[in-house]
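# Residue-level structural notes
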Amino acid sequence: MADDGAPRFLTVAEVAEMARVSRMTVYRMVHSGELPAIRVGKSYRVPQAAVEEMLSGGLGDWGDPRAASGR
């Protein structure tokens, strides 16, 4: 599959696996507006960029090596 610049969408199951949470947690995040999604038929698709942003933003101080060393 060639990268044509079009946004990539993930299923709820794929998001749950990436975030290591249950599918129900992903559905709750979608319904609360915490995670953007579009409805495709009876299922939801979540933009991959939104998932990556959520995962990288959720690290807080854990992602900053200076915070771990107390600097």
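Calculation rules
- Residues numbered from 1 in each chain as written.
- Predicted model: local features only at pLDDT ≥ 70, side-chain atom pairs only at ≥ 80, totals over all residues.
- Heavy atoms only, no water.
- Helix = DSSP H or I, 4+ residues; strand = E, 2+ residues; numbered from the N terminus.
- Contact = heavy atoms within 4.5 Å.
- Pairing = 2+ DSSP bridges.
- Axes fitted to C-alpha atoms, helices over the stretch in contact; angles between N-to-C directions.

## Brief notes about the environment of Val 26
- Within the fold, Val 26 resides in helix α2 (residues 23-32).
- For the pair Val 26 and Val 12, spaced 14 residues apart in sequence, the C-alpha separation works out to 6.4 Å.
- Ignoring sequence-local partners within four residues, the contact set of Val 26 consists of Val 12, Val 15, Ala 16, Val 21 and Leu 35.

## A short note on the sheet that holds strand β1 (residues 9-11)
- Here we have 3 strands laid out as an open sheet, ordered β1-β3-β2, and antiparallel in their pairing. Bordering the open sheet on either side are β1 and β2 (38-40), each of which pairs with just one other strand. Each strand of the sheet is rotated relative to its neighbour by a mean of 45°, with strand direction disregarded.
- Sheet topology places β1 next to strand β3 (residues 43-47); 3 bridges connect them, and they run antiparallel.

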